[in-house]
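Commentary on secondary and tertiary structure
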Amino acid sequence: MTSPYAQDGYRVGFDWGPVGAKVVAGNLVAVVDVLSFTTAVTVAVDQGIDVYPYRWRDETAVAYAKQYNAQLAVGRSEAGPGDISLSPVTIRQARGVERLVLPSPNGSTIAQQLSDSGATVIAVSLRNRAAAATWVNVRCAKKPDLKVVAIAAGERWTDGSLRPAVEDLWGAGGFLSALRVGGLSPEARAAVAAYDAVADELPALLYDCAGGRELTQYGYPDDVAIAAEVDSSQCVPVLRDGKMSAST
């Protein structure tokens, strides 16, 4: 029996987190983690840096970075001069970096989880939501059976449970709203409606949502500013062989 959560029968779907990414399978999956993984990826790829998603920053991450001769991002609060973290500001300031292992418990974890699924995985943020949609539109026109799914990464409460993050809902909805593909599931339509309701008020609302307030409170308002650069990037980072690099 088909799962009622799979959004079967629709060409475009939407769901949340690692579990949603497993349940709502698509040929092409857009991972959305606006504050900050997918925003950081777009900034890196804009600068010609290949990004290797990784789940945790631990000893295995150190070995993984050595394997690819890549720089390993440090924790945001641990970053010193010259270090790179999940903060897009540190990536924008980086010089001489070609490969970056970027651990993240949310967006990066989902991207890595999907790497062996056979799906085409792209990183989407508010910065590149229109460019990503254009790229997907071209592929959907060539392949009528292509199913597109947007996965909002969300955040985590202290007990480890998923905290739906409205900025990821907006990022996914912004991407979906720019698709020229019919057959949106009710969940996808709800995400589009959420974006349309605030599109004229961004970036102000990004600062005022819980995630934006959290980063600002912790001293990273410039990270929110970069995430709020709506449609500023033309890059579409695609996950291939474990790394996210510019689409070709």
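In case you missed it, the structure is sitting above this.
Now for a quick tour of the structure.

Analysis parameters
Residues numbered from 1 in each chain as written. Predicted model: local features only at pLDDT ≥ 70, side-chain atom pairs only at ≥ 80, totals over all residues. Heavy atoms only, no water. Helix = DSSP H or I, 4+ residues; strand = E, 2+ residues; numbered from the N terminus. Buried < 20%, exposed > 50% of the residue type's maximum accessible area, 1.4 Å probe, protein only. Pairing = 2+ DSSP bridges. Core = buried A, V, L, I, M, F, W, Y, C linked by side-chain atoms within 4.5 Å. Contact = heavy atoms within 4.5 Å.

**Description of the environment of Tyr218**
- If you trace the backbone, Tyr218 turns up in the loop between helix 10 (210-217) and helix 11 (221-227).
- Residue class for Tyr218 comes out exposed when judged on its relative accessible area of 54%.
- For the pair Tyr218 and Ser77, spaced 141 residues apart in sequence, the C-alpha separation works out to 9.0 Å.

**Here's the deal with the pairing of strand 2 (residues 28-32)**
- Where burial is concerned, most of strand 2 is hidden: 5 out of the 5 residues are buried.
- Every second residue of strand 2 is oriented toward a common face, with Leu28, Ala30 and Val32 on one face and Val29 and Val31 on the other, all of them buried.
- Judged from the 5 bridges that link them, strand 2 and strand 6 (residues 120-124) form a sheet pairing that is parallel. Looking at strand 6, one finds that Val31 is bridged to Ala123.
- Sheet analysis places strand 2 next to strand 7 (residues 148-152), joined by 5 bridges and oriented parallel. Along strand 7, the bridge assignment pairs Val32 with Ala152.

**Details of the nonpolar core**
- Residues Phe14, Ile122, Val136, Phe175, Leu176, Leu179 and Leu206 are the most contacted members of the largest nonpolar core, which totals 43 residues.
- When contributions to this core are tallied by element, the ones reaching two or more residues are strand 1 (12-16), strand 2, strand 6, helix 6 (129-142), strand 7, helix 7 (166-177), helix 8 (186-198) and helix 11.
- Val136 has contacts with Leu28, Ile122, Val148, Phe175 and Leu179, leaving out every residue within four places of it along the chain.
- Counting residues in each nonpolar core, the second largest holds 33 residues, with Ala21, Val31, Val51 and Ile226 among its members.

From the geometry alone we can't say anything about function, so treat these as descriptive.
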